[in-house]
Amino acid sequence: MNKGNLTLLFLGVAHSLNHSLFLVLPPLLSVVSRSLESSYQTLGFIMTLTFLIYGGGALIGGPLSDYLGSKNITKLSLILSGASTLIFLLPPNIITFSAGMLVMAFWASFYHPTSNSLISEIFPENTASAMGVHGAAGSIGQILTPTVAYFIGILVDWRLSFLLFGVLSLITGFFMGNILGSDSGKTSRRFTATRLKAFRRPIVLLILTYNIFIGLFFRGVDLFLPTYLNIISGLPGELAAFSSSMILLFGVLGQYIGGRASDKHSSQKVIFVFSVGMVASMMSILTLSNMGVSLFIVLFGLSYYGHQPAMTALLGSLTPKEASGTAFGLMFFFSFGLGSISAAIAGYFADVYNLKVSFVILSVFSILTLIVSLGIIKKLKKEPFHQIKFRTGL
């Protein structure tokens, strides 16, 4: 195995652990709510702040990777986000829980823009396929996270669920130091007025708008899905947690298909097809039938995770290579940062009305992503891709 593929493999492990830190809470949401004596609305607000920091921190991590090196920032993110879970060992209350989530989110936020930048550097050709492998490897590692977290939280203590994945992240960060090595200084990378224009072009703005709506859609679904399946659909808690694992399993397939299809056909077409799938998945789960829930698990897993390598590769090709970390940081901020208010919105409607109303609102966001994906296709048809692509001329 060459060094590039070995790096991609270990980045897949790191990717899994980065997301696993946030997959612990959804299956244990009702347990944590009772333990902290907090409402869903309160926890939704905390998670909104958490994901706002998770997305906003990418605006720091992305530029840092451009100047200090992607390898250095990737290792830093893994080690410090893992160490942050030690905060959960403090006496459990809403303050310590909030502190643990917010600090953990800040350090974890550095990972995505730096790893995506590193992958785009290592794999300048077939970038989407490499992104798909990175995403699929990450999803494979996450498959059992909700189920493992649920049983540890139920049988022992929900705080230990966070600690388990934090320690694994910490160990992986130190271990990856030997795999990745260190970057040399990159302070010669500077923005120019021409390169800054890349972030103001209509097609890039459309991509960032898409990521806002995808964040508004996904954050609420991700946080409240196990509780929705348990309370509204009547599934036992363990099956609701297992459903999250099954979504990740189909997400592995989605990442692989999305990456290969993007390199073979076009990223914008793949984004549109999977946007249709996300709308269809929400229509399915709102039926509350067993068939509808099953169809949701398949479609949501394939579509949400399948669009990611296509979107990442498309943005990477439309922005300057020297500022790839910044570009991916912006994308991550728009999706996970600005989209984070979805958790608070869903929590509000769950407390005031019920979770089904929350999911109706979330389905509206999925429709908006589909509309914007049509705008992306229209823009790229109007301006041929070889003319609009940054690296062949602005």
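Not measured: the values here are computed from a predicted model.

Visitor: Got a sec to walk through the environment of Gly132? Specific residues and values, please.
Guide: Locating Gly132 in the fold gives a position in helix α8 (residues 127–142). The buried category is assigned to Gly132, whose relative accessible area is 1%. Separated by 177 residues in sequence, Gly132 and Pro309 place their C-alpha atoms 5.1 Å apart. Setting aside chain neighbours within four positions, we find Gly132 in contact with Gln255, Tyr256, Gly259 and Pro309.

Visitor: Before we move on, can you summarise unusual backbone geometry with the specific residues and values?
Guide: Here the phi dihedral of Glu37 falls at roughly 55°; this positive angle occurs in a residue that is not glycine. For Glu37, the location among the structural elements is in the loop between α2 (29–36) and α3 (40–56).

Visitor: Mind laying out the side chain of Thr50, listing which residues take part and the relevant values?
Guide: Relative to the helices and strands, Thr50 is located in helix α3. Thr50 has contacts with Phe22, Met101, Leu102 and Ala105, leaving out every residue within four places of it along the chain.

Visitor: Describe the confidence of the model for the chain, naming the residues involved and giving the relevant values.
Guide: Scored by pLDDT, the chain comes out at a mean of 83, with 90% of its residues at no less than 70. Highest mean pLDDT in the chain belongs to helix α6 (residues 94–108) (95); lowest belongs to helix α19 (residues 385–388) (46). Throughout residues 185–189 the model reports pLDDT below 50, and contacts reaching past four residues in sequence, or to other chains, amount to 12 contacts. Here residues 390–394 scores under 50 on pLDDT; set against residues more than four positions off or in separate chains, the count is 16 contacts.

Visitor: So, α6: which residues are in play, and what are the values?
Guide: Compared with the 21 Å implied by 1.5 Å per residue over 15 residues, the 21 Å span of α6 between its first and last C-alpha is a close match. When α6 is considered as a whole, its buried residues turn out to be Thr96, Phe97, Ser98, Gly100, Met101, Met104, Ala105 and Ala108.

Visitor: Got a sec to walk through the environment of Met104? Specific residues and values, please.
Guide: In this fold, Met104 is placed in helix α6. Exposure remark for Met104: the relative accessible area of 0% places this residue in the buried category. Expressed as a C-alpha distance, the spacing of Met104 and Ser77, which sit 27 residues apart in the sequence, is 9.5 Å. Not counting residues up to four positions away in its chain, the partners in contact with Met104 are Leu21, Phe22, Ser81, Ser84, Thr85, Phe88 and Phe162.

Visitor: Before we move on, can you summarise the nonpolar core with the specific residues and values?
Guide: Ranked by size, the top nonpolar core spans 97 residues in total, and within it Phe97 and Phe359 carry the most contacts. For this core, the leading source of residues is helix α12 (residues 202–231), giving 15 residues.

Visitor: Go over the side chain of Ser16 with me, naming the residues and quoting the values.
Guide: Position of Ser16 relative to the elements: it lies in helix α1 (residues 3–23). Of the residues examined, Ser16 reaches a relative accessible area of 6% and is grouped as buried. Setting aside anything within four residues of it in sequence, one finds Ser16 in contact with Ala137, Gly138, Gly141 and Gln142.

Reading the values: rules and limits
- Residues numbered from 1 in each chain as written.
- Predicted model: local features only at pLDDT ≥ 70, side-chain atom pairs only at ≥ 80, totals over all residues.
- Heavy atoms only, no water.
- Helix = DSSP H or I, 4+ residues; strand = E, 2+ residues; numbered from the N terminus.
- Buried < 20%, exposed > 50% of the residue type's maximum accessible area, 1.4 Å probe, protein only.
- Contact = heavy atoms within 4.5 Å.
- pLDDT = per-residue confidence, 0-100.
- Expected span 1.5 Å × (residues − 1).
- Core = buried A, V, L, I, M, F, W, Y, C linked by side-chain atoms within 4.5 Å.

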